[in-house]
Every structure is written in C-alpha cells, then in structure tokens.
Amino acid sequence: MLKSIIPALVFFTFSLNGYGQELDAPSYQAGFKIISLTDSSRIYKPNTSPTDRLHYRSLELDVWYPAQNENSSTGKMYFRDFLESFEDRANRFQDENDYTGMALNLAQSFAVGLGLEPDKADSLLNYETNSYPNAEIADGKFPLILYLAGFNGMGFENNISLENLAQHGYIVVSIWSVGRYPGDMTNDKLDMLEQVYDAEFAVKALQNQTDLPIDFDKIGVLGTSWGGMSSAVLLDRNPTIDALVSLDGTETFYFGESEDENAYLNEIYNSDLIHPGKMTAPYLYIESGNKLDGFIPSGEYNYFKKSRSERFYLRFSESKHEDFLSIPSLLKVSETTVNLYQTLSETTLRFFDTYLKNKTEFKSFYNKLATRDDVSTKPFEY
C-alpha cells in the first residue's frame, strides 16, 4: 500500500517572504491527534467476509487543531513520528507486502531526490515539528479545513502549512490519498473518487462528535497536486463549501507527455464529475513555474480558466512541482526554498482568513505579490 509515495513525493514546496502586512502572531499551539473511522457502506478488500479486518473501508484522519498554549509540557512530535505512522498504515491496510523500514527509506529517498546526501535523512527524521500530540484543545469554535493530500500522501508532506493553520485558529483534517485495495493511489477515476468519498464520510463523522469544536458553516478545502483534482470533484458534489486553495493541483492539466496519463485524465474530465463554470466558492490556484519548460502541450484542461467564481491565480516562475511540499524546506535545501514555502503557507492562511473569517488582508497581499518580476497572475498560454 502507498508504495508509490516514494517517487511521487520526491516529486514536489513553495513561498515568499516579506510582502504585505505582518501576520498576527499565532494565538494557539498546533495540537495533533489521529481519528480512526470505518465506513461500513463501502467494501475495501473485495471477496472478503464482513469479519475480515480489511472488508470495510477504514480511514485514519490526521487532525491538527488549535491547542492551549500551556501544552508545551507535552513535548513536540518529530517528523519521524509522521513517517512511522505512515509505515504502520502501509502494513495495516493491506496484507500482501511488508513495509517495515519504509520510514527510513522514505527519508533517504526524499534527501536523494532533492540532491542531498542520504545521511540527510537523519536530520529529516529528527526534525522537531510544531505539533503537540493529543494536546488539550483551546476554547472556542473553529472553521474546518479539509486537506486533500497529494498522490499517495497523508498530510505530513505539508505539515508546516497545516500546523500554521491550526496555530491561527483552524481545525485541519487531512484526508489521505488512498485508492482502492491494496491502497495505492493511481490516476484511475475510481481510485481518485475514494479520496473524495473519504472526505465526505469524514465530515459526516465529525458532525456526530463533540471532541472537536468545528464550525461547519465555515469549511475550506486545501488540495495539493492530485489532491487538487479530488478537491474539485469534492466541491462539485458539495457546493456549500466556502473556499478552495489548490497547490499546483491536477484539476488543471497539460496533455502530451504521457499517453496513459492523458487517457486517465481525459476520462475524469469527460465524466461529468466537475463543472468549473458552476463553482461558486472563492478559488486560489497556485501553479509551479516550470511545467512547460521544454514541453509544448498538445492541449489542456484548465479548470481555473473555466471557473467563474471569485478567483485568484499565482505562478512563481522559479518554482517547481516539488516546491509545493514542506520537505525541501525542512531539509533547508536552499534559502530560496525556505522563503518560498513560507510564502505559500502565508498566502494560504491569508486566503482562508478572508473567506472564512471575514478578514481583509488577502487581496492587498496578493496585489503586492503580483508586482514581483518572478510572479505572474496570468495562467500559462502556449
């Protein structure tokens, strides 16, 4: 399960520093907890009986939430805690392969994939995050952000942004990228839809609990890469969602490089799953800058151009797809990488603050970013 995360996540961050007004200091610490659910309306492993542990569709939600500042005594999590949880799930949610040792292998793959020495894996594993496990939740009621992880992701790959949202008063629920049994996500429509169904089931389950004080009248969606495609489908099925941020999401795609990928994506686009012209939620699409380097597309499906809601577009010309994860920033690949990701996180927060909390800073921040030589507010043309 999830084995393709190794090449997929090594394939991915982004931000800029010092533009617009200063953000308010975080009001909270970022608490972290895991919620385990079972959707008995869906079969996970075919041809099994209901007594089989893999028969029904189970899912685990990684939740970041505003925590009391007094929780510093509980100690922070390390990045290895996330990767070890990922390894544990890879073993528990299938019964065909043994993924013991995946956490270390992933960390090494991330380091090598980013051009670093393999021993940099140790610094990634030992990175102290800002997540406090099972910390006491803060008083209040908070908007909900659904994070739809990228291809075979789980949430850890954007932990900095998710922690930042929690520190500023959001409950963030990460919806993992797990397809049909044995769990590997693919470009197949049916696998992608599993993430959408997981998100919908998670919201229903959260509405029936009292531990997390969620304001269900204020829901935003944050999608990364393949999770952007799932996010577009989710909004089409749930038009009451209030805002969408897509980080280089595949809801916009340029055809021509891979015949198989072209076929899978065409099937989704032509299957009446998304109707961008009918979307009403405010929409921010941030795109990487190198997609068309040395590549002339044979065509495109541009969800952003087709959308008619209040919409905003940003492209940082020096960014790459891998710049939309926190991992290069955690590994301090370069000062530019760190600053880029900081801006990604800041831009995402300001957008949700405007459309879920009625603050006003996003548009002025966006306009200042738009004055940079390395930033475009116009989608690719070819």
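By convention here, each chain's residues receive numbers from 1 onward along its written sequence. The model is predicted, so local features are restricted to residues of pLDDT at least 70 and side-chain atom pairs to those at 80 or more, both for listing and for counting; the totals for chains, interfaces and linings are taken over all residues. The basis for every side-chain value is the complete set of non-hydrogen atoms in the structure, without hydrogens or water.

A separate point is the overall build of the protein chain. The number of helices and strands found in the protein chain is 12 helices and 12 strands. Whereas a compact globule of 382 residues would reach a radius of gyration of roughly 21 Å, the protein chain reaches 20 Å, a difference of no more than 12%. Expressed as lengths along the three principal axes of its C-alpha atoms, the size of the protein chain is roughly 60 × 55 × 45 Å. The protein chains shown are the only cover counted for residues, whose accessible areas, like all others here, come from Shrake-Rupley with a 1.4 Å probe. Taken as a whole, the protein chain presents about 15,500 Å² of accessible surface, with 45% of it coming from carbon and sulfur. Only four residue types enter the tally: Lys and Arg on the positive side, Asp and Glu on the negative side; His and the chain ends are excluded. Charged groups are reduced to one reference atom each: NZ for lysine, CZ for arginine, CG for aspartic acid, CD for glutamic acid. When the 33 basic and 55 acidic side-chain charges of the protein chain are each reduced to a single mean position, those positions are 5 Å apart. Strands here mean DSSP runs of E at least two residues long; helices mean DSSP runs of H or I at least four residues long; both are numbered from the N terminus. Note on method: radius of gyration uses C-alpha positions; expected globular size equals 2.2 Å times residues raised to 0.38.

Here a cavity denotes grid points, spaced 1 Å and computed from the protein atoms alone, that fit a 1.4 Å probe unable to get out, and a pocket denotes an open set having protein on both sides within 12 Å along at least 5 of 7 lines; residues with an atom within 4 Å of a point are the lining. Grid points are joined across faces, edges and corners, and a volume is the space filled by probe spheres set on the points. As a volume, the second largest pocket reaches approximately 390 Å³. Every residue lining the second largest pocket is counted, 17 residues in all, and those nearest its centre are Asn130, Ile160, Asn164, Gln342 and Ser345. For the lining of the second largest pocket, the elements supplying multiple residues, two or more each, are α5 (159-167), α10 (327-330) and α11 (335-356). Counting residues per element, the lining of the second largest pocket draws most heavily on α11, at 5 residues. Residue polarity is assigned by list, with Asp, Glu, Lys and Arg as charged and Ala, Val, Leu, Ile, Met, Phe, Trp, Tyr, Cys and Pro as nonpolar; anything else, Gly included, falls into the polar class. Residue classes in the lining of the second largest pocket are distributed as 7 nonpolar, 7 polar and 3 charged.

If you trace the backbone, Gln195 turns up in helix α6 (residues 189-207). Note on exposure labels: buried denotes an accessible area under 20% of the residue type's maximum, exposed denotes more than 50%, and partly exposed covers the range between, all computed with a 1.4 Å probe on protein chains only. Taking the relative accessible area as the measure of exposure, Gln195 reaches 0% and is therefore buried. Residues in contact with Gln195, not counting those within four places in the same chain, are Leu148, Ala149, Ile175, Trp176, Ser177, Val178, Met185, Gly227 and Ser230. Contact between two residues is taken to exist if any of their heavy atoms lie within 4.5 Å; hydrogens are not considered.

When you line up the elements, Gln108 lands in helix α3 (residues 102-113). Along the primary structure Gln108 and Pro118 are separated by 10 residues, whereas in three dimensions their C-alpha atoms are 5.2 Å apart. Once you skip the residues sitting within four places of it in the chain, Gln108 turns out to touch Pro118 and Ala121.

By volume, the second largest cavity is sized at about 30 Å³. Around the second largest cavity, the lining residues are Tyr44, Arg57, Ser58, Phe93, Trp176 and Val178. Of the residues assigned to the lining of the second largest cavity, the class counts are 4 nonpolar, 1 polar and 1 charged.

With that settled, consider the packing of aromatic side chains. The relative placement of two aromatic rings is captured by the distance of their centres and the angle of their planes. The criterion for an aromatic pair is that two Phe, Tyr or Trp rings (for Trp, the six-membered ring) have centres within 6.5 Å, with stacked assigned to planes under 30 degrees apart, edge-to-face to planes over 60 apart and tilted to the rest. Counted by the stated rule, this structure contains 28 aromatic pairs. Between the aromatic rings of Phe32 and Phe82, the centroid separation amounts to 5.3 Å while the plane-to-plane angle is 75 degrees, which identifies the pairing as edge-to-face. One end of the pair, Phe32, is in strand β1 (residues 29-43); the other, Phe82, is in helix α2 (residues 79-92), and 50 residues separate them in sequence. Given the relative accessible area of 2%, Phe82 is considered buried. Where Tyr285 meets Tyr313, the ring centres are 6.2 Å apart and the plane angle is 25 degrees; that geometry is what we call stacked. Here Tyr313 lies in strand β11 (residues 311-316) and Tyr285 lies in strand β9 (residues 283-288), a separation of 28 residues in the sequence. These aromatic residues form a ring-pair network of at least three members: Tyr170, Phe312, Phe351, Phe352, Tyr355, Phe362 and Tyr366. When the NZ atom of lysine or the CZ atom of arginine is within 6 Å of a ring's centre and also within 35 degrees of its normal, the charge is said to sit over that ring. One residue, Arg311, lies across the ring of Phe304, its end atom 5.0 Å from the ring centre. The ring of Tyr170 carries the charged tip of Lys357 above its face, separated from the ring centre by 4.2 Å.

With omega at 10 degrees, the peptide bond leading from Tyr181 into Pro182 counts as cis. Mapped onto the elements, Pro182 comes out in the loop between β5 (171-175) and α6. A positive phi angle, near 50 degrees, is found at Lys332, a position not held by glycine. Positionally, Lys332 belongs in the loop between α10 and α11.

This part takes up the environment of Leu330. Mapping Leu330 onto the fold places it in helix α10. It is 35 Å that separates the C-alpha atoms of Leu330 and Thr240, two residues lying 90 residues apart in sequence. Residues in contact with Leu330, not counting those within four places in the same chain, are Phe79, Leu124, Tyr127, Asn159 and Ile160.

Moving on, we get to the pattern of salt bridges. When their charged atoms lie close together, side chains carrying opposite charge are able to pair. Here, a salt bridge means any Lys or Arg side-chain nitrogen found within 4 Å of an Asp or Glu carboxyl oxygen. Within this structure, the stated rule accounts for 23 salt bridges. Its salt-bridge partner being Lys359, residue Asp353 comes within 4.0 Å of it at the nearest N-O pair. Residues joined in a network through salt bridges with shared partners are Asp39, Arg42, Arg57, Glu194 and Asp198.

We now examine the sheet that holds β1. The rule for pairing is simple: two strands pair if DSSP sees at least two bridges between them. In spatial order, the strands read β3-β1-β2-β5-β4-β6-β7-β9-β11-β12; together these 10 strands make up an open sheet with mixed pairing. A strand with exactly one partner marks an edge of an open sheet, and here the two such strands are β3 (131-133) and β12 (375-376). Across 2 bridges, the pairing between β11 and β12 is antiparallel. By the bridge assignment for β12, Phe316 is matched with Val375. Relative to the sheet, α2 contacts β1, β2 (56-67) and β3, its axis offset from that of β2 by approximately 165 degrees. The convention used is that axes are lines fitted to C-alpha atoms, helices contributing only their stretch in contact, and that angles between N-to-C directions extend from 0 to 180 degrees. Contacts from helix α7 (residues 226-237) reach β4 (142-148), β6 (214-224) and β7 (243-247), with the element oriented near 140 degrees to β6.

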